[in-house]
Amino acid sequence: MRTMKPYIAVLRLRLLNGMQYRAAALAGVATQFFWGFIYIMIFQAFYAQASSNQPISLEELVTYLWLQQSFLAFIMLWFRDNELFDLITTGNIAYELCRPIGIYEYWFSKLLAQRLASALLRCFPILLLAFLLPPAYRLMLPPDVKTFLLFCLSLLLGLLVLVAISMFIYISVFITLSPMGSLLVFGVVGEFFAGMVVPIPLMPEWLQQIVYLLPFRLTADFPFRVYSGNIPNGEAVEGIFIQLAWLFVLAFLGKIALQKAMKKIIVQGG
Amino acid sequence: MKLYFQYLLVLFKSQMQYRTSFWLLSLGQFLVPFSAFAGLYFLFERFGQIKGWDFYEVALCFAIIHMAFALSECFARGFDNFSSLVASGDFDRLLVRPRTTFVQVLGSKFEFTRVGRLLQSVIVLAWALSNLAIDWSLIKVLTLLLMIISGVFIFTGIFILAATLSFWTIQGLEIANIFTDGGREMAQYPLNIYQKWVTRFFTFVIPFGSVNYLPLLYLLGKGGEAGWLYMLTPLAGIIFILPCIFVWIVGVRHYRSTGS
């Protein structure tokens, strides 16, 4: 427990820091609300004349879309920490090396806290309003308590998986020295495979098979479908174990990659 | 105008200094709309059509909007980043130079990497057009061009409005994204698939409807008798920029330096 202490302190500080930007959060809420509406309307139009049974019902999809909007900070790869990029590109990384704590864990908790703070500020107003909307747009409640608990657990694990993935963006900057490029490529690919562009149940069969092999869907698609009951509870438990497995693999690989990158860096003076 | 091109040249040279970054960014810019387009494709593969529009018709709409967006992001990027200019007080320097602020801000930033995005929409446009049975005439070609130009003007207008806001707020506002990114996302489908209030807002307040819906009806021969009237609607989109420039001028008058 003692070894965890500095990381928890970082987490707390960052949370407080993030909470300062309340006005920005409010603007964000309005923006996300607009997006939510637009997406729902597009899918309503698609579903209006759909003939056969779809793998996900419109109500489940509406819920899926609202959850996406509320937890955007949990699932967006482009959500970034410019401080870390600056550290790497300017050479100030040298200071980080002097700290008596593991740099992977330190950055991990930093990034985690940033996402948590942003999501905490934004998700409640969106969720609340979405519950109160007219039925066609309403966010539905999960079918039972057990489902809800599974959702919470899978969402949290999903967040950890996402941070572990995003660590690779920062590591890649050591090689490319171009934060924007890495961010764009990671962001676009990751979001597509997380079902942010097209919900995964609506993708064609062959693409779904690829998606299920990758970790990206575990961060967004999986918890959201657990919530609406689109993924039954039994399968959800299985999925949570898959999340855990991915988390360990990603964290392990990330640590090795970071160490390798660190060995190679040459800090230029100035 | 000559000044503007010189700005472009200087910026191009400076951006080419970071070659790897430049190509990566261009690739990324290519991928962004590509993933959106792939999404569109998969949705149509499943559903077949959306309120009577088929895939190629919507693809045409998508290509026009994305092309317009890419072009205006290329040219009017300076306005997009404008809030930092105000916050740092650097705008003062522009005011003392013997040129209009408009040209200077316009030329202050130019994103050549948007070429990736542009390329993607050109490909989609070509693909959509080759699969649509449109009996072409000179007027229809003109309409198509007008749609793109009009789209550029609307997006630029929104960028200017958002920039002007920062005279009062100092900070940039995320909320402006509703009309730029949100407008782009929304306008990639023909407007009539949305609820009435959305359609009305984006036809009469921000005239996206005059870019992507009404002239599209004419182009595809869906407009009926009065179809040729729709052909003229992109002009309304072009006019949209006038009030935006006016607001900009008012904003500049109102400007007070942050002093830093």
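Remember, predicted model here, so these are calculated numbers, not experimental data.

About the cut-offs
Residues numbered from 1 in each chain as written. Chains lettered and ligands numbered in written order. Predicted model: local features only at pLDDT ≥ 70, side-chain atom pairs only at ≥ 80, totals over all residues. Heavy atoms only, no water. Helix = DSSP H or I, 4+ residues; strand = E, 2+ residues; numbered from the N terminus. Rg over C-alpha atoms; globule rule 2.2 N^0.38 Å. Contact = heavy atoms within 4.5 Å. Areas by Shrake-Rupley, 256 points an atom, 1.4 Å probe, with all protein chains shown as cover. Buried < 20%, exposed > 50% of the residue type's maximum accessible area, 1.4 Å probe, protein only. Buried area = accessible area lost by both parts, 1.4 Å probe. Salt bridge = Lys/Arg side-chain N within 4 Å of Asp/Glu carboxyl O. Nonpolar A, V, L, I, M, F, W, Y, C, P; charged D, E, K, R; others polar. Arc of directions from axis to C-beta. UniProt positions renumbered as here; feature names shortened; annotations may be inferred. Core = buried A, V, L, I, M, F, W, Y, C linked by side-chain atoms within 4.5 Å. Phe/Tyr/Trp six-rings, centres within 6.5 Å; stacked < 30°, edge-to-face > 60°. Patch = residues over 30% accessible without salt bridge, like charges linked within 9 Å, V, L, I, M, F, W, Y side chains within 5 Å. Axes fitted to C-alpha atoms, helices over the stretch in contact; angles between N-to-C directions. Parallel < 35°, antiparallel > 145°, perpendicular 65-115°, else oblique. Left-handed = near helix turned anticlockwise from the far one by under 90°.

Summing up its helical and strand segments, chain B has 16 helices and zero strands in all. Here the C-alpha atoms of chain B give a radius of gyration of 19 Å, agreeing with the 18 Å that 2.2 N^0.38 yields for 260 residues. Residue pairs at least 24 apart in sequence account for 79% of intrachain contacts in chain B once pairs closer than 6 positions are excluded. Accessible surface computed for chain B: about 12100 Å², of which carbon and sulfur atoms make up 67%.

To continue, consider the overall build of chain A. In terms of helices and strands, chain A carries twelve helices and zero strands. Reading the helices (α) and strands (β) of chain A from amino to carboxyl end gives α-α-α-α-α-α-α-α-α-α-α-α. Taken over C-alpha atoms, the radius of gyration comes to 20 Å for chain A, in line with the 18 Å a tight globule of 270 residues would show. C-alpha extents for chain A along the principal axes are approximately 65 × 40 × 35 Å. Counting over 270 residues, chain A shows a buried share of 56%. A separation threshold of at least 6 residues defines the contact pool for chain A, and within that pool the share at least 24 residues apart is 79%. On chain A, roughly 12600 Å² of surface is accessible, and the fraction owed to carbon and sulfur atoms is 69%.

Facing 36 residues of chain B, the contacting portion of chain A comprises 38 residues. For the pair chain B and chain A, the summed buried area comes to about 3200 Å², and 77% of that belongs to carbon and sulfur atoms. There are zero salt bridges connecting chain B and chain A. At the level of elements, helix H2 (19-47), helix H10 (181-187) and helix H11 (196-205) of chain B are the ones that each hand at least two residues to the side of chain B that touches chain A. Here the element with the most residues in the side of chain B that touches chain A is H2 of chain B; it accounts for 17 residues. Looking at the side of chain B that touches chain A, its residues break down into 20 nonpolar, ten polar and six charged.

Residue and element names in this part refer to chain A. Following the sequence through the fold, valine 226 ends up in helix H11 (residues 221-228). The class for valine 226 is buried, based on a relative accessible area of 0%. Residues valine 226 and glycine 239, spaced 13 residues apart in sequence, show a C-alpha to C-alpha distance of 9.6 Å. Once residues lying within four places of it in the same chain are set aside, the contact partners of valine 226 are Thr147, Leu150, Phe151, Ser154, Ile231 and Ala236.

Time to look at helix H10 (residues 205-213) of chain A. Among the residues of H10 of chain A, Leu207, Gln208 and Val211 of chain A are the ones counted as buried. The buried residues of H10 of chain A occupy an angular sector of 100° when projected down its axis, which confines them to one face. Counted as exposed and oriented over 90 degrees from the buried face of H10 of chain A: Glu205, Trp206, Gln209 and Leu213 of chain A. Buried-residue contacts for H10 of chain A involve helix H9 (179-193) of chain A together with H2 of chain B.

This paragraph deals with the UniProt feature "transmembrane region" (unreviewed entry) in chain B. Per the UniProt entry, the sites bearing "transmembrane region" (unreviewed entry) are residues 21-43, 55-76, 145-168, 201-221 and 227-250 of chain B in this numbering. Here residues 55-76 of chain B runs as 95% helix and 0% strand, with 31 Å between its end C-alpha atoms.

Right, let's talk about the nonpolar core for a bit. Ranked by internal contacts, the top residues of the largest apolar core, which has 174 residues, are Trp66 and Trp107 of chain A together with Ile50, Leu60, Tyr189 and Tyr194 of chain B. Ignoring anything within four residues of it in the chain, the contact list for tyrosine 189 of chain B reads Ile42 and Phe46 of chain A together with Leu40, Leu43, Phe44, Ile50, Val58, Cys61, Tyr194 and Asn212 of chain B.

Attention shifts here to the side chain of glutamate 73 of chain B. All names here are of chain B. One can find glutamate 73 in helix H3 (residues 55-75). Taking relative accessible area as the criterion, glutamate 73 reaches 8% and is therefore assigned buried. Sequence-distant contacts of glutamate 73, defined by excluding residues within four places in its chain, comprise Asp80, Glu111, Arg114, Arg117 and Phe159.

Residues and elements named next belong to chain B. Under the counting rule described, the total for this entry stands at 37 aromatic pairs over all chains. When the ring of phenylalanine 69 is compared with that of phenylalanine 155, the centres are 5.0 Å apart and the planes differ by 80°; the resulting orientation is edge-to-face. In this pair, phenylalanine 69 is assigned in helix H3 and phenylalanine 155 in helix H9 (residues 138-169), connecting sequence segments 86 residues apart. Exposure class is identical for phenylalanine 69 and phenylalanine 155. Each is buried.

Residues and elements named next belong to chain B. A cluster of nonpolar side chains, namely Leu161, Trp168, Phe246, Val247 and Val250, defines an oily patch on the protein surface of about 440 Å² accessible area. Looking at the nonpolar patch, the elements that each hand over two or more residues are H9 and helix H16 (241-254). Among the elements that take part in the nonpolar patch, H16 stands out by supplying three residues, more than any other. Here valine 250 is to be found in helix H16. What makes valine 250 partly exposed here is its relative accessible area of 36%.

A word on the packing of H9 of chain A against H2 of chain B. For the pair H9 of chain A and H2 of chain B, interaxial distance at closest approach is 8 Å and the crossing angle is 15°. With respect to H2 of chain B, the axis of H9 of chain A lies roughly parallel. Where H9 of chain A crosses over H2 of chain B, the two elements pack in a sense that is left-handed. Counted together, Met180, Gly181, Leu184, Val185, Val188 and Phe192 of chain A of H9 of chain A and Leu24, Leu25, Gly28, Gln29, Leu31, Val32, Ser35, Ala38, Gly39 and Phe42 of chain B of H2 of chain B form the full contact between these two elements.

Here we take up H11 of chain B. Residues and elements named next belong to chain B. Looking at H11, one finds that the buried residues are Val198, Thr199 and Phe202. Projected down its long axis, H11 carries its buried residues within an arc of 100°, all on one side. Every exposed residue of H11 that faces more than 90 degrees away from the buried side is listed here: Lys196, Trp197 and Phe204.

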